[in-house]
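# Survey of secondary and tertiary structure
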Amino acid sequence: MQQIGTVWASLDRRKQIIVAGAVVLVFLGVLAMSRLVTAPSMTLLYAGLESGAAGDVVRSLDQRGVPYEIRGGSIYVPGSQRDELRMTLASEGLPANGNQGYELLDSLSGFGTTSQMFDAAYWRAKEGELARTIVGGPHISQARVHIANGSTNPFQRSVAPTASVYLVPSGAQVTSDQAKAIRFLVSSAVSGLAPENVTVIDSNGAVIGAQETAVAADTADDKARQLRERVMRLVEARVGTGNAVVEVSVDTVTKTESIRERRFDPNGRVAISTDVEERSDSARNQSADVTVASNLPDGDGAGGDESNSNATQTRERVNYEVSETELEVHNAPGAIKRLTVAVLVNGTRLVDAAGVETFEPMPEAEMDALKELVASAVGFDAERGDVITLKSLDLPVVEPQGTLAATSIWQKVHFDAMSLIQMAVLAVVSLVLGLFVIRPILTKPAIAPALLPAGVAPEPEAVLTGELATDETRQFAALPGQTAVGDVPALAAQPGADPVDRLRAMIGEKQEETVEILRSWLEEGEERV
């Protein structure tokens, strides 16, 4: 401490300010780095939450006394507590996505609730439940569902309902397949809603997936891919992976045909109606002379000739219709018109006794068996003009070029970027402190060359340590013809004397030499800095 005070007193005002500023900066740097080291490593807890949900999460963190940081729309917490906090907040229903489901119906009471109010609450609950289900996927962060149902209007005929879904992806964009699945999900949950009446929109305002008005038939490329995979799986089961090449070409019908045929058969009659009419007539004739006696009851005129006649007539009318047959055929596009399959399989390589490698194709029996299997797999139809070509040729083995990619040991080690930065800054601060603060203080200044006589070089070990040496630790002796200022050990020759008083007396006697020594020390310190 006495040496530091001596050095400080020997500095001028400018150097004292520089040294004080350097000490303050080093202290602040060490304080900041210690704060960074002791501060916990913050990791992402939630991002992209709505304002209300984010406020509920922050309020819950404040109640638990958990340190957190808000960076934009993201909430960061200490990495050691992230998983525990997520599970704890999830048990409390946080973060809420803002979509309420069927619990909305619990608040409706039987008194004062009209049918219109109940219908509105029901559809709102339906939309909230669908949004909850969609957000449950890992690729969607937010979702809103809107259902337009016009069946509640009593003066309007039944109208097909429609729906729209607004999505905010969590990372990558929503694909067409995912949008198609969401359309089927919404249409299946709403009665009478068709999948083509559901529109899916992303956060950029673009419609995801094409709107399909009908179930489109598979294209020729899709059918060719399906058949190729089927044949490849079948052939590789016999020849092995990489020993077969399959190509399938499908020629499909691209136009719509409608055939209507009407046939009449004159030889075939069909009775369509039968009318039967029956008629009966009866007549009675009596021939006699009219007299007075015929008027008497028992008179002779009561008798005479009498004749009766009956006539019956039946008529039947049958109506026949000529036999007629009507046939209507609709051919939609997508039907297979012609199929072509080409299969190339590898043979076997044989090495003879001389070490010569020869190629041997696959036997014909196996080729015929594979051809039958391929024909059954693709639905071969000779009348349609299908062609199957199966050949066994030599498939050259292509050696991989370049070097194989190997996993580096550094890829298996996980580094935290912030921890590395903190370690680097601490190392730099420690190096600066060691080189420019500690090292100059601990360095031993050498004897000033001005105190040595002409022609005498300073010895390497002739240094001042700042302490009073004894006879056993004497570093240097007086030079010939001169009383050495550095002969400090001579001060301890008189027992019982105070070394400090003797040193002061010696400095008073040799003031010029003392000033030269101090000046050499200051110049040497400036050169090192």
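Our subject is the structure that appears above.
Thresholds, definitions, all that
- Residues numbered from 1 in each chain as written.
- Predicted model: local features only at pLDDT ≥ 70, side-chain atom pairs only at ≥ 80, totals over all residues.
- Heavy atoms only, no water.
- Pairing = 2+ DSSP bridges.
- Helix = DSSP H or I, 4+ residues; strand = E, 2+ residues; numbered from the N terminus.
- Axes fitted to C-alpha atoms, helices over the stretch in contact; angles between N-to-C directions.
- Contact = heavy atoms within 4.5 Å.
- Core = buried A, V, L, I, M, F, W, Y, C linked by side-chain atoms within 4.5 Å.
- Buried < 20%, exposed > 50% of the residue type's maximum accessible area, 1.4 Å probe, protein only.
- Expected span 1.5 Å × (residues − 1).
- Arc of directions from axis to C-beta.
- Phe/Tyr/Trp six-rings, centres within 6.5 Å; stacked < 30°, edge-to-face > 60°.
- Lys NZ or Arg CZ within 6 Å of the ring centre and 35° of its normal.
- Lys, Arg positive; Asp, Glu negative; His and termini not counted.
- Salt bridge = Lys/Arg side-chain N within 4 Å of Asp/Glu carboxyl O.
- Patch = residues over 30% accessible without salt bridge, like charges linked within 9 Å, V, L, I, M, F, W, Y side chains within 5 Å.
- Areas by Shrake-Rupley, 256 points an atom, 1.4 Å probe, with all protein chains shown as cover.
- Polar contact = N/O pair within 3.5 Å; in protein donor to acceptor, adjacent residues only side chain to side chain.
- Parallel < 35°, antiparallel > 145°, perpendicular 65-115°, else oblique.
- Left-handed = near helix turned anticlockwise from the far one by under 90°.
- Nonpolar A, V, L, I, M, F, W, Y, C, P; charged D, E, K, R; others polar.

## A word on the sheet that holds strand β3 (residues 74-78)
Taken in spatial order, the three strands of this open sheet run β1-β3-β2, and their pairing is antiparallel. Looking along the sheet, the strands with just one partner apiece sit at the ends: β1 (42-47) and β2 (69-71). Going from strand to strand, the sheet's axes swing by 35° on average, the running direction of each strand aside. Sitting on the sheet, helix α3 (residues 51-64) touches β1, β2 and β3, and the angle it makes with β3 is about 20°. Together, β1 and β3 form the strand contacts of helix α4 (residues 82-91), whose direction differs from that of β1 by roughly 25°.

## Observations concerning the nonpolar core
Counting residues in hydrophobic clusters, the biggest one holds 22 residues, and the most contacted among them are Val235, Val341, Val343 and Val345. Taken together, the elements giving at least two residues each to this core come down to α7 (220-239), β7 (244-252), β10 (336-346), α8 (364-378) and β13 (387-393). By residue number, the principal contributor to this core is α7, which donates six residues. Discounting residues that sit within four places of it in the chain, Val341 has contacts with Glu247, Val248, Val374, Val378, Val387, Ile388 and Thr389. Ranked by size, the runner-up nonpolar core spans 21 residues in total, among them Leu130, Ala163, Val198 and Val200.

## What to know about α3
Here α3 spans 20 Å end to end across 14 residues, near enough to the 20 Å set by a 1.5 Å rise per residue. Along α3, the positions that sit buried rather than exposed are Ala53, Val57, Val58, Ser60 and Leu61. Along the axis of α3, the buried residues cluster in a sector spanning 160°; they form a single face. Residues Ser51 and Gln63 are exposed on α3 and point more than 90 degrees away from its buried face. In this structure, the buried side of α3 is in contact with β1, β2, β3 and α4. Where α3 ends, the next residue or the one after it, Gly65, has phi of about 75°, a positive value.

## A word on the packing of aromatic side chains
Going through the model one piece at a time under the given rule, you end up with one aromatic pair. Considering the side-chain rings of Tyr122 and Trp123, the 5.4 Å spacing of their centres and the 70° angle between planes classify their relative orientation as edge-to-face. The ring of Tyr46 carries Arg86 above its face, with NZ or CZ at 6.0 Å from the centroid.

## Things to note about the side chain of Glu127
With respect to the element layout, Glu127 can be found in helix α5 (residues 115-135). For the buried Glu127, no salt bridge is present, and the opposite-charge side chain at shortest range is Arg144, 6.6 Å distant. Residues in contact with Glu127, not counting those within four places in the same chain, are Val145, His146 and Ile147.

## Observations concerning the pattern of salt bridges
Applying the stated criterion to the full structure yields 14 salt bridges. As a salt-bridge pair, Glu261 and Arg263 come within 2.3 Å of each other at their nearest N and O atoms. Asp394 is paired through a salt bridge with Arg349; the nearest N and O atoms lie 2.6 Å apart. With a gap of 45 residues between them, Asp394 in the loop between β13 and α9 (417-442) and Arg349 in strand β11 (residues 348-351) connect regions that are remote in the sequence. Residue Asp394 is classed as partly exposed on the basis of its relative accessible area of 38%. Linked by salt bridges that have partners in common, Asp222, Arg225 and Glu229 make up one network.

## A look at a nonpolar patch on the surface
A cluster of nonpolar side chains, contributed by Val24, Leu25, Phe27, Leu28 and Leu31, occupies part of the molecular surface with about 530 Å² of accessible area. Inspection of the secondary structure assignment puts Leu28 in helix α2 (residues 13-38).

## Topic: the environment of Arg519
Relative to the elements of secondary structure, Arg519 occurs in helix α11 (residues 511-528). Using a relative accessible area of 44% as the deciding quantity, one classes Arg519 as partly exposed.

## Details of the side chain of Asp202
In this structure, Asp202 sits in the loop between β6 (198-201) and α7. For the buried residue Asp202, which engages in no salt bridge, the nearest side chain bearing the opposite charge is Arg183, 12 Å off. Not counting residues up to four positions away in its chain, the partners in contact with Asp202 are Tyr166, Leu167, Gln173 and Ile208.

## Observations concerning the sheet that holds β7
Spatially, the three strands line up as an open sheet ordered β7-β10-β13, and their pairing is mixed. Each edge of the sheet is formed by a strand with only one pairing partner; in this case those strands are β7 and β13. With direction set aside, neighbouring strand axes in the sheet form an average angle of 10°. Sheet topology places β10 next to β13; seven bridges connect them, and they run parallel. Residue pairing in the sheet places Ala342 in a bridge with Thr389 of β13. Packing against the sheet, α8 makes contact with β10 and β13, and its axis sits at approximately 145° to β13.

## Considerations on the environment of Ser188
Secondary-structure assignment places Ser188 in helix α6 (residues 176-189). Separated by 2.7 Å, the side chain of Ser188 and the backbone oxygen of Phe184 make a polar contact.

## Re the packing of α3 against α4
One can describe the packing of α3 onto α4 by two numbers: an axis separation of 12 Å at closest approach and a directional angle of 115°. Taken as axis vectors, α3 and α4 run roughly perpendicular relative to one another. Like other packed secondary-structure pairs, α3 and α4 cross with a definite hand, here right-handed. Across the interface between the two elements, Val57, Ser60, Leu61 and Arg64 from α3 touch Leu85, Thr88 and Leu89 from α4. Taken together, the residues of the contact of α3 with α4 sort by class into four nonpolar, two polar and one charged.

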